[in-house]
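# Examining the three-dimensional arrangement
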Amino acid sequence: MTDLVLWMSFLLLLAAALTFAWPRPPGWDPVTFHHLALASLVRGEVEAAGGDLEAWRARLGSVLPIGPAAPGGGWTLDPDELGADYSTAERLGAGATWDAVAAGAPAVAEVVTRRLDDVRLIWFGAAPLDIPGVVTLAAAAVTLETMSGPGIAASTRFVLATRDHGAALLTALKAAPDRRDRIRALLFVDATFDLAAELRQDDFDTELDRTTPWFVLRTRDEADAMLADPPVPETQRRSIRVHDLGQLSIAALSEPLLARSVAILLAAAG
């Protein structure tokens, strides 16, 4: 009997260990969150104009990037139905409800600005999006020296963004391990990448144990417009995760609601 009890105890401990150690998919998908934010902003615009559900769906068809899989119920579902993983109170702050996002409530803009207060967005080359709520810097070409200078503290974190210099930004980042810990996210909008360049997790490692999100928003479906999420090495150390925000038209890049939804995403992803 004693051997049986010991054996059962071993099996229970093994099951518990596997339960806690087995990798789980992330409960929160930034791409889904972004699309829900944009869909909510569009809902507010349509409702303010007296439109109905069909008008909302039609408007989404012209501004929402295609590609990412919608949750059950589509992009017009109530985001609160997705539970705590997509709670704006958890991701942004008190007062920033989904209804407040849709209504364009000042509380949402305030919380986005607060969460991005010590963040600097650097556009390398022309900026296709005018993202609100964050201090924005500009550089004609890729130089990570832009991450230092007047008004930038040791605590300041950065979102590095580009349309014109996708390949160059990755090359510079790979060669600058001392800069990578200060990067909050990368944002590629209609960028072009070098298909011959191998993307590896280890090449973008950080001293801090964190995964840096790389967001890709495309206007093309050609191979050089996309980034594949690099495989996790044997060490299981994931340094980066590529998030494809989908494809939209060039005209849709000028939609102010798109810039606002990206600002909400950057605030929530920090």
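One can find the structure itself at the top, above this paragraph.
Figured I'd write up the structure that's included with this text.

About the thresholds
- Residues numbered from 1 in each chain as written.
- Predicted model: local features only at pLDDT ≥ 70, side-chain atom pairs only at ≥ 80, totals over all residues.
- Heavy atoms only, no water.
- Helix = DSSP H or I, 4+ residues; strand = E, 2+ residues; numbered from the N terminus.
- Contact = heavy atoms within 4.5 Å.
- Polar contact = N/O pair within 3.5 Å; in protein donor to acceptor, adjacent residues only side chain to side chain.
- Phe/Tyr/Trp six-rings, centres within 6.5 Å; stacked < 30°, edge-to-face > 60°.
- Buried < 20%, exposed > 50% of the residue type's maximum accessible area, 1.4 Å probe, protein only.
- Pairing = 2+ DSSP bridges.
- Axes fitted to C-alpha atoms, helices over the stretch in contact; angles between N-to-C directions.
- Salt bridge = Lys/Arg side-chain N within 4 Å of Asp/Glu carboxyl O.

## Comments concerning the environment of Arg184
Locating Arg184 in the fold gives a position in strand 4 (residues 183–189). Taking C-alpha positions, Arg184 is 37 Å from Ala49, a pair spaced 135 residues apart along the chain. If we skip the residues at most four places from it in the chain, Arg184 touches Arg115, Leu116, Val119, Arg157, Phe158, Val159, Arg210, Thr212, Pro213, Leu266, Ala267 and Gly270. Among the polar contacts listed, one links the side chain of Arg184 to the backbone oxygen of Arg115, at a separation of 3.4 Å.

## Comments concerning the packing of aromatic side chains
Applying the stated criterion across every chain yields a total of 5 aromatic pairs. An angle of 55 degrees between the planes, with centres 5.4 Å apart, marks the rings of Phe33 and Trp98 as tilted. Of this pair, Phe33 sits in helix 2 (residues 30–48) while Trp98 sits in helix 5 (residues 98–103), and the two are 65 residues apart along the sequence. An identical accessibility class is assigned to Phe33 and Trp98; each is buried. An angle of 75 degrees between the planes, with centres 5.0 Å apart, marks the rings of Phe188 and Phe193 as edge-to-face. Exposure remark for Phe188: the relative accessible area of 0% places this residue in the buried category.

## Quick look at the sheet that holds strand 1 (residues 119–124)
Ordered in space as 2-1-3-4-5-6, the 6 strands form an open sheet in which the pairing is parallel. The open sheet terminates on both sides in strands that have one partner only, identified here as strand 2 (135–139) and strand 6 (240–247). In this sheet, adjacent strand axes meet at a mean angle of 20 degrees when their direction is disregarded. Against the sheet, helix 7 (residues 166–174) touches strand 1, strand 3 (157–162), strand 4 and strand 5 (212–218), its axis set at about 160 degrees to strand 4.

## Brief notes about the pattern of salt bridges
Considering all chains together, one arrives at 16 salt bridges under this definition. In this structure, the salt-bridge partner of Glu54 is Arg57, at a minimum N-O distance of 3.0 Å. Of this pair, Glu54 and Arg57 both sit in helix 3 (residues 53–63), separated by 3 residues, roughly a single helical turn. Residue classification places Arg57 among the partly exposed positions, given a relative accessible area of 42%. Members of the salt-bridge network, linked through shared partners, are Arg43, Glu47 and Asp99.

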